[in-house]
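Coordinates in review
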Amino acid sequence: MNETRSIWDYEDIVERGLLEDIELLAEHISGRVLHINATYSGGGVAEILSSMIPLLKGLGIETEWNIIRGDDEFFSITKTFHNVLHGRVNGAVEVPVAHEPVSVLDDLKSEIGELTRRKEMFETYLHWNKVNSEEMDLDSDFVFIHDPQPAALIDVKQRGKWIWRCHIDVSNPDPHIWNFLKEPISKYDASIFSTPMFARPDLGIREFLVPPSIDPLSDKNIELSQGDIGRVLDKYGICMDKPIITQVSRFDRLKDLPGVIDAYKLVKKRIDCQLILAGGVASDDPEGMGVYHEVMEKADGEEDIHVLLGSPPFSDIEINAFQRASTVIMQKSLKEGFGLVVSEGLWKGKPVIGGATGGIPLQIVNDVTGYLVHSVDGAAFKIANLLKNPELSRRLGEAGKEHVRHNFLITRHLKDYLLIMLSLENPSGTIRL
Amino acid sequence: MTDLTFYRARYQFELTGKKARDLPELLAAIKEIDESSIFNHVYHALLDSHFLPIGYPNDFAHWIIDALHEPVLAERLANLDLREFPDIEALREELIRIIEDYMAMYDVSRRADVGQEFYFIRCISVTFPTRHVVTNMNEALETIKEIDLDSIFHYFIASRLLGGEHYKELSRWILRNDSHELIEKLDSLYPYGFANMDALRNEIVRIIEGYFWEHI
C-alpha cells in the first residue's frame, strides 16, 4: 500500500490542536514502522490499518503493512484460536452438554486424541510463523503485530520495539491455547488492549490501552446526501415514509436478532415504524445460515421488517446509508467484542440502544449518548421513547457524535500509537520531548 | 528578557495490573498504587467534562455507585475538595481515611459483578514544545488566552501535582520579570474548584489582567 493521506484532511472534523500535536509527535519518531496482520481486507483490523497506514506515511514516517501467508489449515487453526480465546467473553453462555457415561479407558483415549490434535495445531501454527519470518523483512524500529495469527514472529526478533496489538478479548481464554500463545507474547516489549476488561494479568510486559476507532472519511462513515441514501433504500425496496429502526450485524445468535424483532413488535403495536436487519453470514460460521432462516421465519408476515442478507456483502456505502436513514440504531448483543458498529451509529448523530456487554458501555454512556438495555422490554421501552421524542433523539445523537469525535476516531488512535512508540523509547512516566 | 516556550501534554494510558472487586481490595490498591494512577482516576474528569456531562467527578466515586451501589460513600468521594491537597500523597491519605471510616461503620461485603471490576490505570504524560514562544508578559497573557485547554490543564494542574517542571519554569520566568505579586497570586490559585478548564483559564486571565491594571 503506497497511498498516503494528510492528517489535515480531518481539519474540519477534529480540533486543530490534536492535528498539530500529531505532527509534532511524529517528528520525534525515527526509523521504520511495520504493521503485520492476517489480511488486507475484511474485518475491523484491516479496516483500521487501511486508514492508519496512509496517515503514518503522510506524516513522513516510513511505514509498511504486511500480511502473513499460510495454507487453509493454518487459517483454520488461527480461527479456532480466535474463537476459543475470544469466545468466552464476560462469562459467555456455555451450555453444558450431557454425555453418556464413558469408561476410564475411553476417557484416556479421548484425552490422548485431544493432546495429539492440539500438538499438531501448535506445530502447524509455528511452522507458518517460521515460514513468514524467513520471507519477511522484519528489520524495523517499531513492529506492531496484530492479534494471535502472527504472534510467534517475535521468535526472530533482532532489534527494535515489538508491540503485540490485541484486538480481541482474551480475559477468559481457553487455558491450553492461551498458555501456548503466552510464551511468544511475553517476549514482546509491550502489548496493547482495547479496554482493561479484555486484557490478561499474566503477560509480564507493559500493557497499554488503546480503544479501536472509526475513520470518518471512509465510505462507511462519510457524509451522504439524501439522494445517495434514497437510492440505496430504493434498491432494497425500503420506503422512508415511517421511522426506521436498524441493526447492522452478522446473523449470529449472540447479536440477539430475535430479541430485536420482539422489541420491534412491542413498539409496532403503539407506533408505526419499520425494522431493518442487515448483515452477512461469516464464511467460517456454520450456524450463520441457520440463524438467518430463524430470523426470516420470525419476521414472516411482517411487511415492515426488512431482513437483508448481504451476499455478496453489502458495500460500505450501503451500510452507511442504512445507518443514516435510521431513526434509532440498535446493537442488542448478548455478548460483544468492542462493537465498533455502535460508534458508527453514534457518529451519524443517531441515538443507539445497545446491550450492556463488551465494549458497548464505553461507547454508550447511558442516558447521555444512548441507552444500555438488558431485556426485550427494556429495548422496546427505549425505542418507543425515542420515536416519540425527536428532541431527545437529537440530544442523544449530538452527544454521541461528540463522544465519538473525542474518543473513537482514527486521529485519536494515530496519536495513541505515536505516544506509545515514544513511551517505549523513554520508559519514565513523564516524557519531555 | 529571555524567551519562554509554552509546552503541552498528551496522555497515554497503561494498565497497572491491579484491579478491585470490593472496597477492601480498592483500599489496599489505593494504599500502594503509583501516584500517576491516583492522579488519573481523580483528575482526568476535569479534562473530559467539557464535552460530556458526568454524574460523579472521579472514577472512584463513579465505580462505587455504579458497581458497588454504595451511594453514601460515592457521594463523600465525589465531594472531595481538591483544593485541600497540595500533592498526590495528601490526596491519597484523604481517600484512605474516607474509605476506612466508611468501612468501619458499614457492612462492605458487596462485590462487583464479573466484568465490573475497578481497573487501576496509570497515565504517562508526554510533554512537548508548542509553537507559542513569548518574550514578555503581554505575549504570555495572549498565549494563555489562546492555548488549548489541555495545556491549561498541564500547566496549572498536572505539572503542579506530579512534580513536573513546566509550572515552575513559568513561575521562574514571571519572577525574572519582577512580577512577584503576580506569581504569588497565581501560586495561590487553587484550580480544582472550577467547573471546567475554560472557567480555570478565565480566572487565570482575570488574575493576570487585574495585575497589569493595578500596575499601569
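A few words now on the overall build of chain A. Within chain A one finds 14 helices and 13 strands. Its C-alpha radius of gyration of 23 Å places chain A within 12% of the 22 Å reference for a compact globule of 433 residues. Dimensions of chain A, computed from the C-alpha atoms along their principal axes, are close to 70 × 65 × 35 Å. Across chain A, the fraction of contacts at a sequence separation of at least 24, relative to all contacts at a separation of at least 6, is 72%. A total of about 18,400 Å² of accessible surface is found on chain A, and carbon and sulfur atoms cover 51% of it.

In this section: the pattern of salt bridges. This structure, assessed with the given rule, holds 55 salt bridges over all chains. R159 of chain A serves as the salt-bridge partner of D141 of chain A, at 3.0 Å between the closest nitrogen and oxygen. Residue D141 of chain A is found in the loop between α4 (104-135) and β3 (142-146), and its partner R159 of chain A is found in the loop between β3 and β4 (161-165); the two are separated by 18 residues along the sequence. The class of D141 of chain A is partly exposed, set by a relative accessible area of 23%. We note a salt bridge from K268 of chain A to D304 of chain A, for which the minimum N-O separation is 2.6 Å. Of this pair, K268 of chain A sits in helix α7 (residues 257-268) while D304 of chain A is found in the loop between α8 (288-299) and β9 (305-309), placing the two residues 36 residues apart along the sequence. Assessed through its relative accessible area of 24%, K268 of chain A is described here as partly exposed. Within the structure, one salt-bridge network assembled from shared partners comprises E11, R16 and E20 of chain A together with R131 and E146 of chain B.

For chain B, the assigned domains are domain 1 (4-8 + 131-215) and domain 2 (10-121). Using only C-alpha atoms to locate each centre, domain 1 of chain B and domain 2 of chain B end up separated by 29 Å.

Here we come to the domain arrangement of chain A. Residues and elements named next belong to chain A. Partitioning chain A into structural domains gives domain 1 (7-91 + 114-213 + 410-425) and domain 2 (226-407). Each of domain 1 and domain 2 has a C-alpha centre, and these two points are 30 Å apart. Each partner contributes to the interface: domain 1 provides 17 residues, whereas domain 2 provides 15 residues. For the pair domain 1 and domain 2, the two sides together bury roughly 1,200 Å², of which 61% comes from carbon and sulfur.

Read across the sheet, nine strands follow the order β2(A)-β1(A)-β3(A)-β4(A)-β5(A)-β6(A)-β1(B)-β2(B)-β13(A) without closing on themselves; strand pairing throughout is mixed. For this open sheet the edge positions go to β2 (62-67) and β13 (430-432) of chain A, each flanked by a neighbour on one side alone. Across this sheet, the average inter-strand angle for adjacent strands is 25°, counted without regard to direction. Of the strand pairs in this sheet, strand β1 (residues 32-37) of chain A and β3 of chain A are connected by four bridges, and their pairing is parallel. By the bridge assignment, L34 of chain A is partnered in β3 of chain A with V143 of chain A. Against the sheet, helix α8 (residues 166-176) of chain B contacts β13 of chain A together with β1 (4-20) and β2 (118-134) of chain B, and its axis sits at roughly 155° relative to β1 of chain B.

Residue and element names in this part refer to chain A. Burial of strand β11 (residues 352-355) is two-sided: the residues V352 and G354 facing one way and the residues I353 and G355 facing the other way are all buried. Of the strand pairs in this sheet, strand β10 (residues 328-331) and β11 are connected by three bridges, and their pairing is parallel. Among the inter-strand pairings, M330 is bridged to a residue of β11, identified as I353. Looking at chain direction, β11 and strand β12 (residues 370-373) are connected through four bridges and run parallel. If you follow G355 over to β12, its bridge partner there is V373.

Time to look at the side chain of N40 of chain B. All names here are of chain B. As for its position among the elements, N40 is in helix α2 (residues 35-48). The class of N40 is buried, set by a relative accessible area of 5%. Polar contacts involving the side chain of N40 include one to the main-chain carbonyl oxygen of I121, which spans 2.9 Å. Excluding anything up to four places from it in sequence, N40 contacts F13, D59, I121 and C123.

In this section: the interface of chain A and chain B. On the side of chain B, 27 residues touch chain A, which itself brings 35 residues to the contact. Where chain A abuts chain B, roughly 2,600 Å² becomes buried across the two surfaces, and 58% of that area is made up of carbon and sulfur atoms. Contact with chain B buries surface across chain A, with D21, L209 and R432 of chain A losing the most and accounting together for 21% of the total. Linking chain A with chain B are five salt bridges, by the criterion used here. E169 of chain B serves as the salt-bridge partner of R432 of chain A, at 2.6 Å between the closest nitrogen and oxygen. Put simply, the parts of the chain that give the side of chain A that touches chain B at least two residues each are α1 (16-27), β6 (206-209), α13 (390-407), α14 (410-425) and β13 of chain A. Classifying every residue of the side of chain A that touches chain B by side-chain character gives 17 nonpolar, nine polar and nine charged.

Moving on: helix α5 (residues 88-105) of chain B. Each full turn of the α-helix corresponds to 3.6 residues, which orients residues three or four apart in the same direction. Counted at 1.5 Å a residue, the expected span for α5 of chain B with its 18 residues is 26 Å, and the 26 Å between its end C-alpha atoms agrees. Its side-chain oxygen 3.2 Å from the backbone nitrogen of E89 of chain B, D87 of chain B forms the N-cap of α5 of chain B.

Turning to the environment of A199 of chain A, a few remarks are in order. Mapping A199 of chain A onto the fold places it in the loop between β5 (190-193) and β6. Linking A199 of chain A and I168 of chain A, residues 31 residues apart in sequence, is a C-alpha distance of 8.9 Å. Discounting residues that sit within four places of it in the chain, A199 of chain A has contacts with S171, F193 and E207 of chain A together with L15 of chain B.

To continue, consider the environment of V260 of chain A. All names here are of chain A. Assignment of secondary structure puts V260 in helix α7. Along the chain, V260 and S333 lie 73 residues apart, while their C-alpha atoms are 9.4 Å from each other. Aside from chain neighbours lying at most four places away, what touches V260 is Q247, L275, L277, M330 and K332.

Moving on: the confidence of the model for chain A. Looking at chain A as a whole, its pLDDT mean stands at 92, while 96% of the residues score no less than 70. Within the model, the stretch residues 88-99 of chain A combines pLDDT values under 50 with 14 contacts to residues more than four positions away or in other chains.

Moving on, we get to the packing of aromatic side chains. The geometry of two aromatic rings is summed up by the distance between their centres and the angle between their planes. Residue and element names in this part refer to chain A. Under the criterion given, the structure shown has 27 aromatic pairs over all chains. Ring geometry for F74 versus F75: centroids 5.0 Å apart, planes at 70°, classification edge-to-face. Centre to centre, the rings of F81 and Y125 are 5.3 Å apart; their planes meet at 50°, and the pair counts as tilted. Highlighted residues: F81 in helix α3 (residues 72-86) and Y125 in helix α4, separated in sequence by 44 residues. By the ring-pair criterion, three or more aromatic residues cluster together here, those being F74, F75, F81, F122, Y125 and F180.

On the surface, V72, M105 and Y106 of chain B cluster together into a nonpolar patch covering about 290 Å² of accessible area. Topologically, V72 of chain B is positioned in helix α4 (residues 71-78).

Residues and elements named next belong to chain A. Look at the link from S311 to P312: it is a cis peptide, with omega at 0°. Topologically, P312 is positioned in the loop between β9 and α9 (316-324). Although it is not a glycine, D147 adopts a positive phi angle of roughly 70°. Along the chain, the position of D147 falls in the loop between β3 and β4. Phi at D367 takes a positive value of approximately 70°, unusual for a residue other than glycine. Within the secondary structure, D367 is located in the loop between α11 (360-363) and β12. Judged by its relative accessible area of 42%, D367 falls in the partly exposed class.

Cut-off values and rules
Residues numbered from 1 in each chain as written. Chains lettered and ligands numbered in written order. Predicted model: local features only at pLDDT ≥ 70, side-chain atom pairs only at ≥ 80, totals over all residues. Heavy atoms only, no water. Helix = DSSP H or I, 4+ residues; strand = E, 2+ residues; numbered from the N terminus. Rg over C-alpha atoms; globule rule 2.2 N^0.38 Å. Contact = heavy atoms within 4.5 Å. Areas by Shrake-Rupley, 256 points an atom, 1.4 Å probe, with all protein chains shown as cover. Salt bridge = Lys/Arg side-chain N within 4 Å of Asp/Glu carboxyl O. Buried < 20%, exposed > 50% of the residue type's maximum accessible area, 1.4 Å probe, protein only. Domains from an automatic or database assignment. Buried area = accessible area lost by both parts, 1.4 Å probe. Pairing = 2+ DSSP bridges. Axes fitted to C-alpha atoms, helices over the stretch in contact; angles between N-to-C directions. Polar contact = N/O pair within 3.5 Å; in protein donor to acceptor, adjacent residues only side chain to side chain. Nonpolar A, V, L, I, M, F, W, Y, C, P; charged D, E, K, R; others polar. Expected span 1.5 Å × (residues − 1). pLDDT = per-residue confidence, 0-100. Phe/Tyr/Trp six-rings, centres within 6.5 Å; stacked < 30°, edge-to-face > 60°. Patch = residues over 30% accessible without salt bridge, like charges linked within 9 Å, V, L, I, M, F, W, Y side chains within 5 Å.

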